[in-house]
Amino acid sequence: MRSVGIVGTGSYLPDKVLSNADLAKFVDTNDEWIASRTGIRQRHIAEKDMPTSELCYQAGLRALEDAQIVPEEIDLIIVATMTPDYAFPATACLVADRLGAKNAAAFDLEAACSGFIFALATASQFVATGMYKTVLVIGGEVLSKILNWEDRSTCILFGDGAGAAVLQAVKEGFGFLSFELGADGSGGKLLSQPAGGSKCPASLETVGKNLHTLQMEGREVYKFAVRIMGDVSVKVLEKAGIKKEDVDLFLPHQANTRIIDAAVKRLGISPDKVVVNLDKYGNMSAASIPVALDEAVKARRITEGDTIVMVGFGAGLTWGACVLKWTKVGLKV
Ligand code: ACO
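Model, not experiment: these values are computed from the prediction. (Residues numbered from 1 in each chain as written. Predicted model: local features only at pLDDT ≥ 70, side-chain atom pairs only at ≥ 80, totals over all residues. Heavy atoms only, no water.)

As for the overall build of the protein
For clarity, the cut-off: Runs of E in the DSSP output that reach at least two residues are strands. Runs of H or I that reach at least four are helices, and both are numbered from the N terminus. Only C-alpha atoms enter the radius of gyration, while the globule expectation follows 2.2 Å times N to the 0.38, with N the number of residues. Only protein chains enter the accessibility calculation, which uses a 1.4 Å probe; a residue whose area is less than 20% of its type maximum is buried, one above 50% is exposed, and one in between is partly exposed. The criterion used for residue contact is that any of the two residues' heavy atoms lie within 4.5 Å. Values of accessible area rely on a 1.4 Å probe in the Shrake-Rupley scheme; residue burial ignores everything except the protein chains shown. Working convention for charge: Lys and Arg count positive, Asp and Glu count negative, and His plus the chain ends are omitted. The location of each charge is read from NZ of Lys, CZ of Arg, CG of Asp or CD of Glu.
Of regular secondary structure, the protein possesses 11 helices and 13 strands. Relative to the 2.2 N^0.38 estimate, which gives 20 Å for 333 residues, the radius of gyration of the protein is 19 Å and therefore close to what a compact globule would have. Structurally, the protein occupies a C-alpha span of about 55 × 45 × 35 Å along its principal axes. The buried share of the protein, reckoned over its 333 residues, is 56%. Pairs at least 24 apart in sequence give 78% of the contacts found in the protein among residues at least 6 apart. Carbon together with sulfur atoms contributes 52% to the accessible area of the protein, which is approximately 14,200 Å² in total. One way to put it: in the protein the 35 positive side-chain charges average out to a point 3 Å from where the 39 negative ones average out.

As structure tokens, this is what we get:
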């Protein structure tokens, strides 16, 4: 089996910014409540005519440039999203077409906010076995289009964006050292978009009842998140044989600073080793981790040989984490 790593990253945020103060103009909330309960100050919102595939295309293009790879070299594109352009065709196919990735297979993967980690784990198997040389993994969401903008308990939390990573074989001892994935469907109702699927097809009634928008039992998700973020981080480090003192950067899913603080405390990692950007972007579901990764790489917070931990949780319920020894030098074998 080959070692597999990330040899290029990219991200894209739509231009329009919605601050907490802007939100307070049309929903009963305020900056103080949102910032103190969540850490969020603003979020980026896609224009009406901008679907998830557009954000993913832009992020993917930047990741390819960063990896110095042409679209024809991509063997597979995986898009992690819970806000696809359509139920079908897959958003990944649309992105492949926009990129001109003529030699790539393409499919979507849905594990909500854990989606990018699940997609990395999936993609890395193809490269590790030698089936594919180059895989483009993208986490992208336009959550603003499935929110109920009259529900202050959910609409304040989320934002739009996309982040991407190019995976290739890397030298031994580098790249992904371990993955830990999990799911518990008994918690499915805690966070869902109830209508529009085969269980509850779209009808005038479902639209009237706002059932195509994101519904969440915030307190229950919060309790689950605090427990699972710590547990899965401990497990994935054990699996990799890495001590917490040897972690250079911790990249958690960006849902709530209080959830991140609890996980960091549990792990006993110094706060200066933790990436937090949810103040600027809110929770972008599958896009949160890859956007944070791209920013950390571009800001030189990650350099050759660093050990990083990425961990996510989300609807499903799902959770996932990985340990990665960083190198951007792909072997192209
Ligand atoms: N502005 C002002 N007041 C508000 C707002 C708001 N935006 N939202 C709720 N409130 C009020 C409530 O009505 C309630 O008032 P009451 O006490 O008079 O009834 C009070 O504030 C407290 O509400 P809670 O829901 O108990 O607030 P809590 O401290 O639990 O914070 C929050 C809510 C931020 C949603 C928190 O529960 C949370 O972060 N949960 C996790 C959410 C999460 O991570 N989701 C993403 C999962 S990832 C994925 O797959 C998409």
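What to know about the site of the ligand
The line we're drawing: One heavy atom within 4 Å of a molecule or strand makes the whole residue count as near it. Any N or O atom pair separated by 3.5 Å or less is treated as a polar contact, with the protein-specific requirement of one donor-capable and one acceptor-capable atom, and with residues adjacent in sequence counted only for side-chain atom pairs.
Taken together, 27 residues form the shell around the ligand, and within it T29, R37, C113, R219 and N256 come nearest. Interatomic distance of 2.9 Å between a side-chain N/O atom of R152 and an oxygen atom of the ligand. Between R258 and the ligand, the recorded distance is 3.4 Å, taken from a side-chain N or O atom to an oxygen atom. Calculation on the ligand without its partners gives an accessible area of 1,000 Å², and the protein chains cover 77% of this total.

A closer look at the domain arrangement of the protein
So the rule is basically this: Source of the domain bounds: an automatic or database domain assignment. Using a 1.4 Å probe, buried area is obtained as the accessible area two parts lose upon being combined, added over both of them. Salt bridges are identified by distance alone: a Lys or Arg side-chain nitrogen within 4 Å of an Asp or Glu carboxyl oxygen. As a working rule, the residues Ala, Val, Leu, Ile, Met, Phe, Trp, Tyr, Cys and Pro are called nonpolar, Asp, Glu, Lys and Arg charged, and the rest polar, with Gly in that last group.
Each assigned domain of the protein is listed here: domain 1 (3-175) and domain 2 (176-278 + 288-325). The distance between the C-alpha centroids of domain 1 and domain 2 comes to 14 Å. Each side of the interface is counted separately: domain 1 has 42 residues, and domain 2 has 40 residues. When domain 1 packs against domain 2, the two sides together hide about 3,100 Å² of surface, and 66% of this comes from carbon and sulfur. The interface formed by domain 1 and domain 2 holds one salt bridge in total. A salt bridge links E304 to K171, with the nearest nitrogen and oxygen atoms 3.2 Å apart. Connecting domain 1 to domain 2 are 15 residue pairs in polar contact (both at pLDDT 80 or more). Put simply, the parts of the chain that give the side of domain 1 that touches domain 2 at least two residues each are β1 (3-12), α2 (31-38), α5 (115-129), α6 (152-155) and β7 (160-170). In terms of residue class, the side of domain 1 that touches domain 2 is built from 21 nonpolar, 17 polar and four charged.

Concerning the sheet that holds strand β4 (residues 76-80)
Where we set the bar: Criterion used throughout: strands pair if DSSP finds at least two bridges between them. Only C-alpha atoms enter the line fits that serve as axes; for helices the fit covers just the stretch in contact. Angles between N-to-C directions range over 0 to 180 degrees.
The sheet built from five strands is open, its strands ordered β1-β7-β6-β4-β5 with mixed pairing. Among the strands making up the open sheet, the edge pair consists of β1 and β5 (105-109). When the angles between neighbouring strand axes are averaged without regard to direction, this sheet yields 20°.

Focus: the layout of surface pockets
Test applied: For each structure, a 1 Å grid was placed over the protein atoms alone; sets of points admitting a 1.4 Å probe that cannot get out are labelled cavities, open sets with protein on both sides within 12 Å along at least five of seven lines are labelled pockets, and lining residues have an atom within 4 Å of a point. Grid points are joined across faces, edges and corners, and a volume is the space filled by probe spheres set on the points.
A volume near 1,000 Å³ is recorded for the largest pocket. Lining the largest pocket we find 32 residues, and of these M82, P84, E110, Q193 and A195 sit closest to its centre. Along the lines of polarity and charge, the residues of the lining of the largest pocket split into 16 nonpolar, 10 polar and six charged. Taken together, 24 residues line the second largest pocket, and the ones lying closest to its centre are L157, M216, G218, R219 and N256. Elements with a minimum of two residues in the lining of the second largest pocket: α2, α8 (218-240), α9 (257-267) and β12 (307-314). Residue composition of the lining of the second largest pocket, grouped by class: 14 nonpolar, seven polar and three charged. In terms of domain composition, the lining of the second largest pocket takes at least three residues from each of domain 1 (3-175) and domain 2 (176-278 + 288-325).

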